[in-house]
Amino acid sequence: MPPPSPQANAQAQDPSSTRPPSASALPLEEQLESTRRMLKALAQVQADFITHGELQPIFEQLLGLMVEVTRSERGALLEAAASPEGPPRLQLHASFSWPDAAQELPTLVGSSLTTGELVLLPRPGESLPSEKPHASVPRPFIGLPFKLQGAVVGWVGLGLRPGGYDASFLEFLQPVLTTCGTLLYAARDAERRRLGKQALLAQQAQMQKLALVAARTDNAVIITDALGRIEWVNEGYTRITGFSLEESVGRKPAELLQGPDTDRKSIEAMGRALSRGEGITVELINYGKSGRPYWNLIEIQPVHDAQGRLVQFVAIESDVTARKRLEQQVAESAERLRLALESAEDGLWDWDLRTDEVTVNPRWLTMLGYEPTTKCTVEFWRQLCHPDESAEIQRRLAEHMEGRTPMYELEHRLRHKNGNWVWVLGRAKVVARDEQGRPLRIVGTNSDISSRKRAEEQLQAFIQGIPDMIFRVRVDGVCLGFKPSAIEPIFTTPEEITGQNFYAMPLPESLVANLRAALHRVTHDSALEIFEFSMEMPFGLHQYEARVVPSGPDEGLCIVRNITARKLLEDQRRRQQEQLEERVLQATRELESRQAQLIQSEKLASLGQMAASIAHEINNPVGYVSSNVATLGGYISVLRRLLELYLQAEEELGAEIPETVAALLERAKILREQERLEELLQDMDDLLSDTREGTARIREFIQDLKTFVREEAGTPQQADLNKLLQVTLRMLRHELKHKCQMRLDFGPMPLMKCFPTQLNQVFMNLLLNAAQAIEPRGEIHIITRREGNEAVVRIRDTGRGMEPETLQKLFTPFFTTKPPGQGTGLGLSICYAIVNRHKGRIEVDSELGKGTTFAVRLPLIEE
């Protein structure tokens with residue numbers, strides 16, 4: 001709340017500038033007070049009307065209320081009675097300082113008397129005359145119609161209010177106008193009921209006329225017998241309730257119209273009055289035929305015959321649902337306003353510049369630690385303001401009071417009762433001015449923003465601790481704020497750069513384009529944008545990194561960090577990385593060379609393991625040859641002896657067969673039969689065939705051995721994997737045949753470039769490992785396939801399998817599961833290196849107790 005300015009005090013002390021605020025500009029508390037007074041007065045006049053039924057004093061009371069709350073000097077309340085010859089006729093019911101109102105008001109209202117439109121004099125756009133208006137022409141003037149069921153039933157005229165009137169008074173006084181219309185209607189209705197009662201009491205025969213009148217009224221009319229059973233209802237009853245005459249005759253109204261929300265106390269009161277033969281008026285909820293509830297104003301009067309006996313009851317019922325809803329809305333609005341004021345966190349203040357009085361709500365005082373009953377004055381107010389901010393408060397307040405700003409608004413401090421300072425956001429607005437435009441009244445609020453201020457201070461301290469430059473930039477490039485770097489030389493100040501447009505500065509085009517794109521993205525769908533740029537600074541060429549995050553619907557926060565040192569370090573690390581990679585490459589070449597030597601050494605070690613197999617493979621064919629040659633020698637000896645006998649017989653033969661020849665021939669025959677010469681000749685053919693096969697196997701084995709141990713050149717050669725596998729299998733025939741049965745499934749394979757000897761080494765190691773894993777005897781499956789651009793060799797055994805821990809270290813050099821002295825641990829690591837040299841890979845799948853499968857995958861290069 002700002003302290004008063006000297007100009008405000010001067011204006012407040014000028015009595016000629018005093019005038020009440022218009023209805024639309026009344027402060028909230030005054031509107032609430034006026035509304036409360038009107039509601040209280042309306043409740044009172046309704047009670048008075050119900051109690052006394054006199055309309056004239058009530059209208060005078062209501063007119064006085066409207067004159068008072070609007071601060072008018074004249075007023076009149078007139079009833080508009082329909083006239084068959086022309087416009088409605090006005091009948092004066094009440095006036096205030098306006099003796100000629102009945103004659104002057106029709107002239108002032110003019111044609112609106114028929115249309116029912118609001119009348120304002122002077123009309124919008126006209127100005128009040130500078131001289132005091134003539135007594136017979138009450139200007140300014142407002143004519144307020146009040147209606148009932150869409151028809152104008154009366155007028156209220158108010159005049160000579162300082163500052164004039166506006167249309168908001170119609171809404172402001174609507175509850176009073178509605179009450180006036182309701183009272184007029186009730187008075188008219190009461191008059192009708194009075195006349196009807198007189199007619200009933202005067203003559204029973206005139207009931208037909210009353211029924212005719214009742215049939216045409218908007219209200220419901222019910223005629224019952226003395227026991228309360230319906231004898232007749234009018235059309236208004238049918239229209240309101242939905243029940244026809246035929247449906248209602250003979251039944252009691254309570255049976256048809258009462259429901260769960262009908263007030264039981266009102267029902268009991270009606271029962272007691274009717275049982276005594278008395279009349280009664282009540283309001284309660286009834287239900288129509290459709291089940292629709294409605295508020296019903298019921299007036300019941302008894303009808304007696306000439307002898308005074310109760311013969312009938314006549315009930316006139318009015319649907320007052322609209323009035324009840326209006327009353328409820330007014331009550332709810334008042335309650336909401338009361339709750340809003342009580343629950344408001346803001347301190348409210350009202351400064352009357354004419355009297356220099358300040359009114360505050362309890363929250364304004366408790367916010368500063370004072371009791372709600374503390375008296376607040378302008379001097380007390382001034383003492384609470386921080387001395388460093390008093391001048392700015394005065395300046396802002398003067399600007400608003402002079403009309404240069406639409407509203408007073410300032411963040412400042414007020415002293416708490418304990419001596420501390422409370423940050424508040426003060427907002428205020430002039431709500432009333434005199435005819436010269438000088439302020440008469442200011443209403444404002446103070447919001448406690450101490451928590452926000454502390455958070456802002458903490459945030460500012462945090463931001464100041466960030467070493468980077470920080471910019472707030474709008475999407476159009478305008479700089480909204482700037483914090484310099486804490487570690488770099490300051491090349492500009494926040495004052496110089498704030499408000500400048502980055503897009504218009506002489507900056508590199510790439511920087512402007514990146515900034516524009518980043519701001520566009522973070523204000524639409526991105527949470528962070530990062531880009532780098534270089535700039536020539538007064539202290540040299542530097543490189544920067546910009547991080548842009550959203551800070552508002554149309555702005556971004558740009559955090560700029562100098563990364564020149566980091567870039568230099570990255571360049572240095574990159575050079576070191578290149579040097580390291582070169583060294584690693586050189587070491588890799590040396591390792592490959594040594595690995596080739598290790599492969600050759602392992603090959604020689606493998607030849608040692610094959611020595612027994614080689615000896616066995618050579619000795620068997622030699623045994624065949626030796627045995628067959630010995631047998632063939634025996635056969636040849638027999639043939640020689642037989643041949644000798646035949647030769648001797650031939651020598652002895654002559655013209656006649658001598659006896660000696662016959663004996664020799666006999667002996668030769670016996671020998672041939674004993675030695676089975678034909679079988680010997682056949683057996684000789686088989687032996688010679690076996691001998692040839694044995695010698696062929698020896699030649700083949702020697703050739704395979706030469707192929708296996710041959711030292712290769714440094715370039716790959718064309719080879720068939722199926723043939724390489726067959727060579728390896730022949731070399732390992734002795735090792736494998738006693739351990740397993742081979743299952744071969746060779747698919748068609750194209751020639752591929754490779755190092756055949758090295759692949760033989762791979763296949764031999766894998767086959768030997770598979771055989772050693774089989775206990776005591778099992779199977780080895782070899783499958784070759786072409787799969788896409790790869791040649792795949794799968795070697796699957798039915799051995800003991802491996803555990804997961806073993807699989808993880810399977811290709812580690814010098815890792816072995818064999819007992820000490822039985823393995824070097826280099827076999828599989830050499831296989832891995834050979835396959836890797838061929839740009840291939842080895843895959844292993846093993847399950848303990850079920851066996852292991854090695855898959856060698858080699859890329860195909862077809863020629």
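Data block above holds the structure.
A brief report on the enclosed structure follows. (Residues numbered from 1 in each chain as written. Predicted model: local features only at pLDDT ≥ 70, side-chain atom pairs only at ≥ 80, totals over all residues. Heavy atoms only, no water.)

So, the overall build of the chain
Within the chain, the regular secondary structure consists of 28 helices and 27 strands. Taking all 863 residues of the chain together, 41% fall into the buried category. Intrachain contacts of the chain at a sequence separation of at least 6 include 57% that bridge at least 24 residues. In the form shown here, the chain has an accessible surface area of approximately 47400 Å², with 53% of it arising from carbon and sulfur atoms. (Helix = DSSP H or I, 4+ residues; strand = E, 2+ residues; numbered from the N terminus. Buried < 20%, exposed > 50% of the residue type's maximum accessible area, 1.4 Å probe, protein only. Contact = heavy atoms within 4.5 Å. Areas by Shrake-Rupley, 256 points an atom, 1.4 Å probe, with all protein chains shown as cover.)

What about the packing of helix α26 (residues 756-773) against helix α28 (residues 827-837)?
Relative orientation and spacing of two packed helices are given, respectively, by the angle between their axes and the distance between those axes. The geometry of α26 relative to α28 is characterised by a closest axis approach of 9 Å and an angle of 145° between their N-to-C directions. Along this stretch, α26 crosses α28, giving a crossing that reads as left-handed. For the pair formed by α26 and α28, the contact residues are Gln 758, Leu 759, Gln 761, Val 762, Asn 765, Leu 766 and Asn 769 on the first element and Gly 827, Leu 828, Cys 831, Ile 834, Val 835 and Arg 837 on the second. (Axes fitted to C-alpha atoms, helices over the stretch in contact; angles between N-to-C directions. Left-handed = near helix turned anticlockwise from the far one by under 90°.)

Section: the pairing of strand β4 (residues 141-148)
Across the eight residues of β4, six count as buried, placing the element largely inside the fold. When strand β3 (residues 119-121) meets β4, the two strands line up antiparallel, connected through three bridges. When the sheet's bridge partners are listed, Val 119 is paired in β4 with Gly 143. Bridge count between β4 and strand β5 (residues 151-159): eight bridges; the pairing is antiparallel. In the strand pairing of β5, Lys 147 is matched with Val 152. Connecting β4 to the antiparallel partner β5 that follows it, the hairpin turn spans two residues, and Gln 149 within it adopts a positive phi of roughly 55°. (Pairing = 2+ DSSP bridges.)

Side note on the pairing of strand β24 (residues 778-787)
Note that strand β22 (residues 740-746) and β24 share seven bridges and pair parallel. Within the sheet, the bridge partner assigned to Leu 744 lies in β24 and is Ile 782. Pairing geometry for β24 and strand β25 (residues 790-797), over eight bridges, is antiparallel. Paired with Ile 780 across the two strands is Asp 797, which belongs to β25. In this antiparallel pair of consecutive strands, β24 and β25, the connection spans two residues, and Gly 788 shows a positive phi of 65°.

Observations regarding the packing of aromatic side chains
What the rule picks out here adds up to 10 aromatic pairs. Pairing Trp 98 with Phe 141 gives two aromatic rings, centres 6.1 Å apart and planes at 80°, and the pair type is edge-to-face. Note that Trp 98 is positioned in the loop between β2 (89-96) and α4 (101-109) and Phe 141 in strand β4, a separation of 43 residues in sequence. The exposure class of Phe 141 is buried, given its relative accessible area of 0%. The interplanar angle of 40° and the centroid separation of 5.3 Å between the aromatic rings of Phe 811 and Tyr 832 together place this pair among those described as tilted. Here Phe 811 is found in the loop between α27 (804-808) and α28, whereas its partner Tyr 832 is found in helix α28, with 21 residues between them in sequence. (Phe/Tyr/Trp six-rings, centres within 6.5 Å; stacked < 30°, edge-to-face > 60°.)

With respect to the nonpolar core
Of all hydrophobic cores here, the largest spans 39 residues; its most connected members are Leu 721, Leu 759, Phe 763 and Ile 780. Examining the composition of this core, we find that nine residues originate from one element, α26, more than from any other. Aside from chain neighbours lying at most four places away, what touches Leu 721 is Met 749, Met 752, Leu 759, Phe 763, Ala 791, Val 793 and Leu 858. Within the second largest apolar cluster, 32 residues are counted, among which are Val 45, Leu 62, Val 67 and Leu 173. (Core = buried A, V, L, I, M, F, W, Y, C linked by side-chain atoms within 4.5 Å.)

Regarding the sheet that holds β22
The five strands lie next to each other as β22-β24-β25-β27-β26, forming an open sheet whose pairing is mixed. The two strands at the open ends of the sheet, each matched to only one other strand, are β22 and β26 (841-847). Sheet twist, expressed as the mean angle between neighbouring strand axes with direction ignored, is 15°. Where β25 meets strand β27 (residues 851-859), seven bridges bridge the pair, whose relative direction is antiparallel. Paired with Val 793 across the two strands is Val 856, which belongs to β27.

Quick look at the packing of helix α24 (residues 721-731) against α26
Two numbers describe how α24 lies on α26: the axes approach to 9 Å, and their chain directions differ by 55°. Here α24 lies oblique to α26, going by the angle between them. Of the two possible hands of crossing, α24 and α26 adopt the one that is right-handed. Of α26, the residues touching α24 (which contributes Leu 721, Leu 724, Leu 725, Thr 728 and Leu 729) are Pro 756, Leu 759, Asn 760, Phe 763, Met 764 and Leu 767. Here the contact of α24 with α26 is composed, by residue class, of nine nonpolar, two polar and no charged. (Parallel < 35°, antiparallel > 145°, perpendicular 65-115°, else oblique. Nonpolar A, V, L, I, M, F, W, Y, C, P; charged D, E, K, R; others polar.)

As for the side chain of Ser 168
Assignment of secondary structure puts Ser 168 in helix α6 (residues 168-172). A distance of 2.3 Å separates polar atoms of two side chains, one belonging to Ser 168 and the other to Asp 166. (Polar contact = N/O pair within 3.5 Å; in protein donor to acceptor, adjacent residues only side chain to side chain.)

Side note on the pattern of salt bridges
Under the criterion given, the structure shown has 40 salt bridges. Across the pair Glu 411 and Lys 453 runs a salt bridge, and its minimum N-O distance is 2.9 Å. Here Glu 411, found in strand β13 (residues 408-415), pairs with Lys 453, found in helix α17 (residues 450-465); they are 42 residues apart in sequence, far enough to count as distant. Among the residues examined, Glu 411 registers a relative accessible area of 29% and is labelled partly exposed. One continuous salt-bridge network, built from bridges that share partners, spans Glu 532, Glu 545, Arg 547, Arg 566, Lys 567 and Glu 570. (Salt bridge = Lys/Arg side-chain N within 4 Å of Asp/Glu carboxyl O.)

All we've got here are geometric facts, nothing functional implied.
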